[in-house]
Amino acid sequence: MSHPVIEEAPAAHGDALNLLRAEIAEASDPAEAAQRAVEVLHDRFPHYDWLGIYWVDGADLVLGPWVGPEATEHTRIPIGTGICGAAAASGQTEIIADVDADPRYLACFASTKSEIVVPIFAGGRVVGEIDIDGSDANAFDETDARFLEEVAALLAPLRPRA
Ligand code: SME
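A. How the structure looks around the overall build of the protein chain. For the protein chain, the helix and strand inventory stands at four helices and six strands. Counted from the first residue to the last, the protein chain has its helices and strands arranged as α-α-β-β-β-α-β-β-β-α. Over its C-alpha atoms the protein chain spans a radius of gyration of 14 Å, differing by no more than 12% from the 15 Å that the globule rule assigns to 162 residues. Referenced to the eigenvectors of the C-alpha coordinate spread, the extents of the protein chain come out at roughly 40 × 40 × 30 Å. Residues classed as buried in the protein chain amount to 46% of the 162 residues present. Taking as baseline every contact in the protein chain between residues at least 6 positions apart, the subset at least 24 positions apart corresponds to 51%. Approximately 7,700 Å² of the protein chain is accessible, and the part contributed by carbon and sulfur atoms is 53%. Charge-centre separation for the protein chain: the mean point of 10 positive side chains lies 8 Å from the mean point of 28 negative side chains.

What follows is the structure, encoded as structure tokens:
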């Protein structure tokens with residue numbers, strides 16, 4: 001489905017960051033806070049069709065909270081595999097306008113046309129990432145990337161600890 005650009009004006013980003021801070025503060029534990037965060041992002045931004053957090057576990061990414069129309073079979077992804085694994089290996093945000101044109105892409109949903117993956121850092125290391133699939137081609141831009149990098153900083157303290 002198409003979504004008018006006006007809905008995603010950066011003013012909405014400031015509002016969402018404030019709501020995320022409040023939801024995280026009110027949650028009873030880090031896992032609940034992370035779950036609330038994915039729900040806020042999915043509710044507020046219609047082009048975030050499927051949204052999940054992967055946490056680093058050794059040499060893998062393990063799926064944490066997610067929200068979207070279907071579950072993914074990719075619940076554990078080796079770092080270095082897929083778009084998700086590439087972003088975790090490099091620490092760089094990946095914006096993929098057309099997933100079918102990227103040989104690294106690991107398909108999860110037939111509806112996905114574009115994807116953004118934003119690393120979550122703690123102590124200078126990648127500890128997780130935000131992965132969002134869009135059902136429109138070219139659904140994500142640099143304003144999404146900058147916004148989600150701020151969100152990632154709020155999520156970092158919520159990572160599961162051994
Ligand atoms: N497409 C991702 C895999 C995760 S699913 O999108 C949820 C990738 O290429 O790494």
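Let us keep going from here.
B. Representation of the site of the ligand. Around the ligand sit 13 residues, and of these I83, C84, L106, C108 and E115 come closest. Here an oxygen atom of the ligand and a backbone polar atom of C84 are 2.8 Å apart. Measuring from a nitrogen atom of the ligand, one finds a backbone N or O atom of L106 at 2.8 Å. Looking at the shell around the ligand, the elements with two or more residues in it are β1 (50-57), α3 (82-90) and β6 (125-134). Element by element, the count of residues in the shell around the ligand is highest for α3, at three residues. Of the residues belonging to the shell around the ligand, the class tally is eight nonpolar, two polar and three charged.

C. View of the packing of aromatic side chains. The full count for this structure, using the stated rule, is five aromatic pairs. Taken together, a centroid distance of 5.2 Å and an interplanar angle of 55° make the contact between F45 and F147 tilted. Residue F45 is found in the loop between α2 (30-44) and β1, and its partner F147 is found in helix α4 (residues 142-155); the two are separated by 102 residues along the sequence. In this pair, the class of F45 matches that of F147, namely buried. Here the aromatic rings of Y48 and F140 are separated by 6.0 Å at their centres, their planes lie at 45°, and the arrangement is tilted. Placement of the pair is Y48 in the loop between α2 and β1 and F140 in the loop between β6 and α4, with a sequence separation of 92 residues.

D. A look at the pairing of β6. Most of β6 is tucked away: nine of the 10 residues are buried. The pairing of β1 with β6 spans six bridges and is antiparallel. If you follow W50 over to β6, its bridge partner there is D133. Hairpin connection from strand β5 (residues 114-122) to β6: two residues lie between these consecutive antiparallel strands, with G123 at a positive phi of about 60°.

Cut-offs and rules
- Residues numbered from 1 in each chain as written.
- Predicted model: local features only at pLDDT ≥ 70, side-chain atom pairs only at ≥ 80, totals over all residues.
- Heavy atoms only, no water.
- Helix = DSSP H or I, 4+ residues; strand = E, 2+ residues; numbered from the N terminus.
- Rg over C-alpha atoms; globule rule 2.2 N^0.38 Å.
- Buried < 20%, exposed > 50% of the residue type's maximum accessible area, 1.4 Å probe, protein only.
- Contact = heavy atoms within 4.5 Å.
- Areas by Shrake-Rupley, 256 points an atom, 1.4 Å probe, with all protein chains shown as cover.
- Lys, Arg positive; Asp, Glu negative; His and termini not counted.
- Charge placed at Lys NZ, Arg CZ, Asp CG, Glu CD.
- Near = heavy atom within 4 Å.
- Polar contact = N/O pair within 3.5 Å; in protein donor to acceptor, adjacent residues only side chain to side chain.
- Nonpolar A, V, L, I, M, F, W, Y, C, P; charged D, E, K, R; others polar.
- Phe/Tyr/Trp six-rings, centres within 6.5 Å; stacked < 30°, edge-to-face > 60°.
- Pairing = 2+ DSSP bridges.

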